[in-house]
Amino acid sequence: MGTLQQPVSAAQAYEREAAKEEAHNHHQDAGALFVLKSKGSWVHCGYHLTTSIVAPPLLSLPYAFTFLGWTAGILCLVIGALVTFYSYNLISLVLEHHAELGHRHLRFRDMANDILGPNWGRYFVGPAQFIVCYGAVVACTLLGGQCMKSIYLLSNPNGSMKLFEFVVIFGCFMLILAQIPSFHSLRHINLVSLVLCLAYSACATAASIYIGNSSKGPKKDYSLQGDNESRIFGIFNAIAIIATTYGNGIIPETQATLAPPVKGKMFKGLCVCYMVIMVTFFNVAISGYWAFGNQSEGLIYTNFLEDGKPLVPKWFIFMINIFTILQLSAVAVVYLQPTNEVLERTFADPSSKEFSSRNVIPRVIARSLSVVVSTTIAAMLPFFGDISAVIGAFGFMPLDFILPMVFFNVTFKPSKRSLIFWLNVIISVVFSALSIIAAIAAIRQISLDAKNYRLFANV
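Reading the values: rules and limits
Residues numbered from 1 in each chain as written. Predicted model: local features only at pLDDT ≥ 70, side-chain atom pairs only at ≥ 80, totals over all residues. Heavy atoms only, no water. Helix = DSSP H or I, 4+ residues; strand = E, 2+ residues; numbered from the N terminus. Rg over C-alpha atoms; globule rule 2.2 N^0.38 Å. Buried < 20%, exposed > 50% of the residue type's maximum accessible area, 1.4 Å probe, protein only. Contact = heavy atoms within 4.5 Å. Areas by Shrake-Rupley, 256 points an atom, 1.4 Å probe, with all protein chains shown as cover. UniProt positions renumbered as here; feature names shortened; annotations may be inferred. Axes fitted to C-alpha atoms, helices over the stretch in contact; angles between N-to-C directions. Left-handed = near helix turned anticlockwise from the far one by under 90°. Nonpolar A, V, L, I, M, F, W, Y, C, P; charged D, E, K, R; others polar. Expected span 1.5 Å × (residues − 1). Patch = residues over 30% accessible without salt bridge, like charges linked within 9 Å, V, L, I, M, F, W, Y side chains within 5 Å. Salt bridge = Lys/Arg side-chain N within 4 Å of Asp/Glu carboxyl O. Core = buried A, V, L, I, M, F, W, Y, C linked by side-chain atoms within 4.5 Å. Phe/Tyr/Trp six-rings, centres within 6.5 Å; stacked < 30°, edge-to-face > 60°. Lys NZ or Arg CZ within 6 Å of the ring centre and 35° of its normal. pLDDT = per-residue confidence, 0-100. Polar contact = N/O pair within 3.5 Å; in protein donor to acceptor, adjacent residues only side chain to side chain.

**Examining the overall build of the protein chain**
Looking only at helices and strands, the protein chain has 15 helices and two strands in total. Computed over its C-alpha atoms, the radius of gyration of the protein chain comes to 23 Å, within 12% of the 23 Å expected for a compact globule of 459 residues. The principal-axis extents of the C-alpha atoms in the protein chain amount to approximately 90 × 60 × 35 Å. A burial count over the protein chain gives 53% of its 459 residues as buried. Put simply, 83% of the contacts in the protein chain that link residues at least 6 apart link residues at least 24 apart. For the protein chain, the exposed surface amounts to about 20000 Å²; the carbon and sulfur share of it is 69%.

This is the structure we're talking about:
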């Protein structure tokens, strides 16, 4: 007699997924096993995404507006939000598709290996992602040092401490945070970081409106400055700043923290993240540019001081800088994860326990060294802002604006007559061109500023 097929309950389906995952874990390397643990919920995923995207670089959005003006500035912000939300969802769909087929990708370069072929992962995606993420760690360390220095100079205007000393202090703080074992274990820190980014964005918006309404601020002038050449390059520089602000570069690693089954969870996480983006990016960019016009500085906080004298109460500037320093440390730790994963894969033994001395000792040494190197780079090159524009053009743009479309078209092979096929092709082509031009604009900016560069300069 034929046996009737029992309907599969949700619990059984979950157990099967978990069993598949378990079987998969036995073949995993130490990096995937220890750093990219799949235990999180969609809410945790939202925290991780928010920390990696909504970071202090958003404080330079009013500066990007100085090259674009009102209309183009707001248009670029909206396009950036739409394109990245779309492309992160595409990556997530491709990852879900592969997870359903039984091989779940936990890393960007694994996706590239599988979809485009091994050389793509090894020679392009792997290195590009490493440079983007490590560059982000260096930039956070430098910015943390600059925020500390501004607190110090406010409380002690004739102080003799140099910028690199503050960078080293921030680096020491990072040394401790870098030892947090896995990406999933950052979830509580990233919740705090989400609250912090809302806090300093609200403070920056409030301060801009306060100064803009008082007689203390500069005369509002929204005209674009400079000759034609510098205006054109300025536009591409601004586009690179906005692309870098929306950039992420670690979507697959973030999705790897989700417990199976992963279907639909990433979309909810992205919705959490983009709600925060709407509140922070637009408020800071519009209020900052409204208050300071084309005088907006690379970091909007600089506008709150005039000749070293604060235009808002002193305690307010202390508070906003402390919020920023704390969130910078969370952002830096998130961007250390791909580096940690590579170190773990190289030095750890997957057959030993995660906290056995065989794994803990190499982990502490390797991670500490990676933080020491990033802190040294930040202290030596205080003009790293210019370099990060190049990193944004070569790294963030391909990883976030181009590859997701390519992955989707290669994986799902939509018909060449379909709208989605052509939409993806157009986005990839436009952003490839933008990425090349933005890289040229960023390199031009470096050559213009090079005469002011000094190692360990006290900027």
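**Examining the UniProt feature "domain: Amino acid transporter transmembrane" (unreviewed entry) in the protein chain**
Following the UniProt record, the feature "domain: Amino acid transporter transmembrane" (unreviewed entry) maps to residues 39–440 here. Secondary structure content for residues 39–440 is 75% helix and 1% strand, while the C-alpha to C-alpha distance between its ends is 42 Å.

**Here's the deal with helix α5 (residues 108–116)**
For an α-helix, 3.6 residues make a turn, and residues three or four places apart therefore share a direction. Listed in full, the buried residues belonging to α5 are Phe108, Arg109, Asp110, Met111, Ala112 and Ile115. Its buried side turned inward, α5 meets α4 (61–100), α6 (118–155), α10 (251–255), α12 (314–347) and α14 (384–412). Positive backbone phi, at 115 degrees, marks glycine 117, one or two positions downstream of α5.

**Considerations on the packing of helix α8 (residues 187–213) against α12**
Axis separation between α8 and α12 bottoms out at 9 Å; the angle between their running directions is 145 degrees. The element α8 and its partner α12 pack so that their crossing is left-handed. Facing α8, whose interface residues are Ile189, Asn190, Ser193, Leu196, Cys197, Ala199, Tyr200, Cys203, Ala204 and Ala207, α12 presents Phe316, Met319, Ile320, Phe323, Thr324, Leu326, Gln327, Ala330 and Val334. Within the contact of α8 with α12, the residues separate by chemical class into 15 nonpolar, four polar and no charged.

**Considerations on helix α3 (residues 42–53)**
Compared with the 16 Å implied by 1.5 Å per residue over twelve residues, the 16 Å span of α3 between its first and last C-alpha is a close match. By the criterion of burial, α3 is predominantly enclosed, with nine of the twelve residues buried. The complete set of buried residues in α3 reads Cys45, Gly46, Tyr47, His48, Leu49, Thr50, Thr51, Ser52 and Ile53.

**Observations concerning a nonpolar patch on the surface**
A cluster of nonpolar side chains, contributed by Ile74, Val78, Leu82 and Ile286, occupies part of the molecular surface with about 300 Å² of accessible area. The greatest single-element share of the nonpolar patch, amounting to three residues, is contributed by α4. Here leucine 82 lies in helix α4.

**Let's talk about the nonpolar core**
Membership of the largest hydrophobic core comes to 121 residues, with the highest contact counts inside it found for Leu59, Phe281, Tyr301 and Phe304. Once residues within four sequence positions are removed from consideration, tyrosine 301 is found in contact with Leu59, Tyr200, Ala204, Ile320, Asn321 and Thr324.

**Structural notes on the packing of aromatic side chains**
Tallied over the full model, the rule gives 20 aromatic pairs. Relative to phenylalanine 407, the ring of phenylalanine 108 has its centre 6.1 Å away and its plane inclined at 55 degrees; by these criteria the two rings are tilted. Taken together, the residues span a long stretch of sequence, with phenylalanine 108 in helix α5 and phenylalanine 407 in helix α14 at a distance of 299 residues. When sorted by exposure, phenylalanine 108 lands in the same class as phenylalanine 407, which is buried. Geometrically, the ring pair formed by phenylalanine 292 and phenylalanine 304 is tilted, given 6.2 Å between the ring centres and 40 degrees between the ring planes. Taken together, the positions of phenylalanine 292 in helix α11 (residues 265–292) and phenylalanine 304 in the loop between α11 and β1 (305–306) put the pair twelve residues apart, joining distant regions of the chain. The same class applies to phenylalanine 292 and to phenylalanine 304, which are both buried. Here the aromatic cluster, defined as three or more aromatic residues joined through ring pairs, consists of Phe65, Trp70, Tyr222 and Tyr289. The ring of tryptophan 290 has lysine 220 lying over it, and the distance from NZ or CZ to the ring centre is 4.8 Å.

**Topic: the confidence of the model for the protein chain**
Across the protein chain, the average pLDDT comes to 90, with 94% of residues at or above 70. Low pLDDT, under 50, characterises residues 2–6; the predicted model gives this stretch zero contacts beyond four residues in sequence or across chains.

**With respect to the side chain of arginine 363**
Looking at where arginine 363 falls in the secondary structure, it is placed in helix α13 (residues 357–380). Side chain to side chain, arginine 363 and glutamate 344 meet in a polar contact 2.8 Å long. Filtering out sequence-adjacent residues up to four positions away, arginine 363 remains in contact with Phe34, Gln179, Glu344, Glu354 and Phe355.

**Section: the environment of phenylalanine 401**
Relative to the assigned elements, phenylalanine 401 resides in helix α14. When its relative accessible area of 2% is taken as the criterion, phenylalanine 401 is described as buried. C-alpha of phenylalanine 401 to C-alpha of alanine 243: the two residues are 158 residues apart in sequence and 8.7 Å apart in space. What phenylalanine 401 contacts, discounting residues up to four positions off in sequence, is Val83, Thr84, Ala243, Phe396, Ile427, Ser428 and Phe431.

**Examining unusual backbone geometry**
The residue after proline 260, namely proline 261, is reached through a cis peptide bond having omega -10 degrees. Mapped onto the elements of the fold, proline 261 is located in the loop between α10 and α11.

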